[in-house]
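# Coordinates in review
Listed below, chain by chain, are the residues.
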Amino acid sequence: MRYFFEDCALDTERRELRRGLDVVPTTPQVLDLLEHLIRSRDRVVSKDDLVNAIWNGRIVSDAALTTRLNAVRRAIGDSGQQQRLIKTFPRKGFRFVGAVHDEDRQPGTAAAVAVPVAASNAVGERRSAGRLEDLRGRFRLVGSVLASVAAIGAIAGGVAGYWNAWKTVRTDAQREAQNIQAQPTVRPEIAPRLSLVVLPFASLNDGPAQDSFADSVSTSLTTDLARTPATLVVGRDTALTYKKKVIDLQQLGTDLRVRWAVRGAVRRNGDQVRVNVSLTDLQTARDIWSDRFDGDLANLAVLQDTIAARLLCVAHLHLRQYEEALQQCSRSLNMTGTDVDAYMSLISAYGWPGQMDLARGGSETAAQNTS
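Residues numbered from 1 in each chain as written. Predicted model: local features only at pLDDT ≥ 70, side-chain atom pairs only at ≥ 80, totals over all residues. Heavy atoms only, no water.

### A look at the packing of aromatic side chains
Note the following rule: Side-chain rings of Phe, Tyr and Trp (the six-membered ring for Trp) are treated as a pair once their centres are within 6.5 Å; stacked means planes under 30 degrees apart, edge-to-face means over 60, and tilted covers the remaining angles. Strands here are runs of E lasting at least two residues and helices are runs of H or I lasting at least four, both read from the DSSP assignment and numbered beginning at the N terminus. Accessibility here uses a 1.4 Å probe with only protein chains present; expressed as a share of the type maximum, an area under 20% marks a residue as buried, one over 50% as exposed, and anything in between as partly exposed. Each ring is checked for a lysine NZ or an arginine CZ that lies within 6 Å of its centre and within 35 degrees of its normal; such an atom marks a charge sitting over the ring.
Per the stated rule, a full pass over the model turns up two aromatic pairs. Measuring from centroid to centroid gives 5.2 Å for F5 and F96, while their planes differ by 75°, and the two rings are edge-to-face. Highlighted residues: F5 in strand 1 (residues 2-5) and F96 in strand 6 (residues 93-96), separated in sequence by 91 residues. For F96, a relative accessible area of 1% gives the class buried. Stacked on the ring of W260, the Lys or Arg R259 has its end atom at 5.9 Å from the ring centre. When the ring centre of F213 is taken as reference, the NZ or CZ atom of R268 above it lies at 5.1 Å.

### Examining the confidence of the model for the chain
Threshold: Per-residue confidence from the predictor is reported as pLDDT, which spans 0 to 100. Between two residues, a contact is recorded if the distance between any of their heavy atoms is within 4.5 Å.
Predicted confidence across the chain gives a mean pLDDT of 75, with 63% of residues reaching 70 or more. Within the model, the stretch residues 108-124 combines pLDDT values under 50 with 20 contacts to residues more than four positions away or in other chains. Note on residues 184-190: pLDDT is under 50 here. Beyond four places in sequence and across chains, it has 10 contacts.

### Comments concerning the pattern of salt bridges
Applied cut-off: By salt bridge we mean one thing: a side-chain nitrogen of Lys or Arg within 4 Å of a carboxyl oxygen of Asp or Glu.
In total, this model carries 16 salt bridges according to the counting rule given. A salt bridge links D211 to K244; the nearest nitrogen and oxygen atoms lie 3.9 Å apart. Highlighted residues: D211 in helix 6 (residues 208-226) and K244 in the loop between helix 7 (236-240) and helix 8 (249-256), separated in sequence by 33 residues. Residue R263 is joined to D287 by a salt bridge in which the shortest nitrogen-to-oxygen separation is 3.2 Å.

### Description of the packing of helix 1 (residues 28-39) against helix 2 (residues 47-54)
Put simply, the rule reads: A fitted line through C-alpha atoms serves as each axis, taken over the contacting stretch for helices, and the angle formed by two N-to-C directions is quoted from 0 to 180°. Here the word oblique covers every angle except those under 35 degrees (roughly parallel), over 145 (roughly antiparallel) and from 65 to 115 (roughly perpendicular). A clockwise turn of the near helix away from the far one marks a right-handed crossing, whereas an anticlockwise turn of less than a right angle marks a left-handed crossing.
Orientation of helix 1 relative to helix 2, taken along the N-to-C sense of each, is 130°, at an axis distance of 10 Å. In terms of orientation, helix 1 and helix 2 fall into the oblique class. When the axes of helix 1 and helix 2 are compared, the crossing they make is right-handed. Within the contact between the two elements, helix 1 uses Q29, D32, L33, H36 and L37 and helix 2 uses D49, L50, A53 and I54.

### A closer look at the sheet that holds strand 4 (residues 22-23)
Convention followed: Here, strands pair whenever DSSP counts at least two bridges between them.
Here we have five strands laid out as an open sheet, ordered 4-3-2-1-7, and antiparallel in their pairing. Single-partner strands in this sheet number two, and they are strand 4 and strand 7 (101-103). Inspection of the sheet shows strand 1 paired to strand 7 by three bridges, in the antiparallel sense. Residue pairing in the sheet places R2 in a bridge with E103 of strand 7.

### Description of the pairing of strand 5 (residues 86-89)
For strand 5 and strand 6, the ladder comprises four bridges, and the chain directions are antiparallel. The residue bridging T88 from the neighbouring strand is F94, located in strand 6. Hairpin connection of strand 5 to strand 6: three residues between the antiparallel strands, including R91 at a positive phi of 65°.

### With respect to the nonpolar core
In plain terms, the rule: Among the buried residues, those of types Ala, Val, Leu, Ile, Met, Phe, Trp, Tyr and Cys that are joined through side-chain atoms within 4.5 Å form a nonpolar core.
Counting 29 residues, the largest nonpolar core has F5, L17, L34, L37, I76 and F96 as its most contacted members. Contributing elements (two or more residues each) for this core: strand 1, strand 2 (8-11), helix 1, helix 2, helix 3 (62-75) and strand 6. Beyond its immediate chain neighbours, meaning those up to four positions away, F5 contacts L34, I38, I76, L85, F96, A99 and V100. Grouped together as the second largest cluster of nonpolar side chains are 28 residues, W260, V275, L279 and V314 included.

### Regarding the environment of T219
Positionally, T219 belongs in helix 6. Placed 18 residues apart in sequence, T219 and D237 show a C-alpha to C-alpha distance of 9.5 Å.

### Some details on helix 8
Applied cut-off: The directions considered for the arc are those from the helix axis to the C-beta atoms. Within 3.5 Å is the distance limit for a polar contact, defined as a pair of N or O atoms, with the added protein rule that one can donate a hydrogen and the other accept it, and that residues adjacent in sequence qualify only through two side-chain atoms.
Along helix 8, the residues classified as buried are L249, L252, G253 and L256. One side of helix 8 carries all its buried residues, which in axial view fall inside an arc of 100°. Summarising the contacts, the buried residues of helix 8 are in contact with strand 8 (195-198), helix 7, strand 11 (260-269) and strand 12 (272-281). N-capping of helix 8 is provided by D248, with a side-chain oxygen placed 3.3 Å from the backbone N of Q250. With its phi angle positive at about 55°, R257 sits one or two positions after the end of helix 8.

This is how it looks when you write it as structure tokens:
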């Protein structure tokens, strides 16, 4: 199926978007989002509908959705201020409001090329003039000559008009494509609500065996945290790439799009194990909590469960304080936009009220109840 609107042509079979004669560079999600809005142009499409259709129902932040929507608008020459083609309905959703002509692709049809209407009309006029000229040529020689002269003039004018239009469209399309390519890719600044990476723990003992033991502790902790609902934990293999490296913590949060980092060190003395753990806020590169845990090898699993419970408790407490501050700021500034409402709804939907009440009573009591 091909959809034509303004100077754009979307070919869903070729997965191409053209403006004029040139292909506009786009990502697959941008094409899917544009196609879904065009197909559903007879109604307002809600955010939930877009998430289900484009992301298969996965949890997507409003920042990610806004980024993709802005990319669609740039690709078709629209913007959030103009909303000439894609209009935003506050608290409702979005709708494609541009005039669209669609047609099925026929076998052997060339790629979608925007042909100026004037040139198309000129071709039809030349064909009609040729048939009329042939008919009149049987009766009057003079009429035939005059019709030929008129046809030649029409051809010359049509070719000249097409050439000028083609140069104009191509120049505008090239300029727009350069602007799109020059714009940096916008990444959502908001990390997932409860997201962290467990960096490889350092070994305070000498020897490869002790180093492997420290890795096993951090790996087990990664597994325990990843089993918690609605918690995003960076995979073990990715975390191991930062082993024994000097890390810019704020850049780490930007690269991995996580909010916290778990760091630690392990010391083993016979059957006794001591684990030092800290939780670092990657937005400020500051430790918000640290503690020391002692145990023995026979109860290593219990020790790791206790560490995971304490980490989650502290993370929830810190996150709750942040969200309460955000709500207070929103009320003070009278922020009532759809983005703020949607974000606060997402916060409420994936909270743990029981653990939040425990967190208010102190991290020690909450850790005991969680474990």
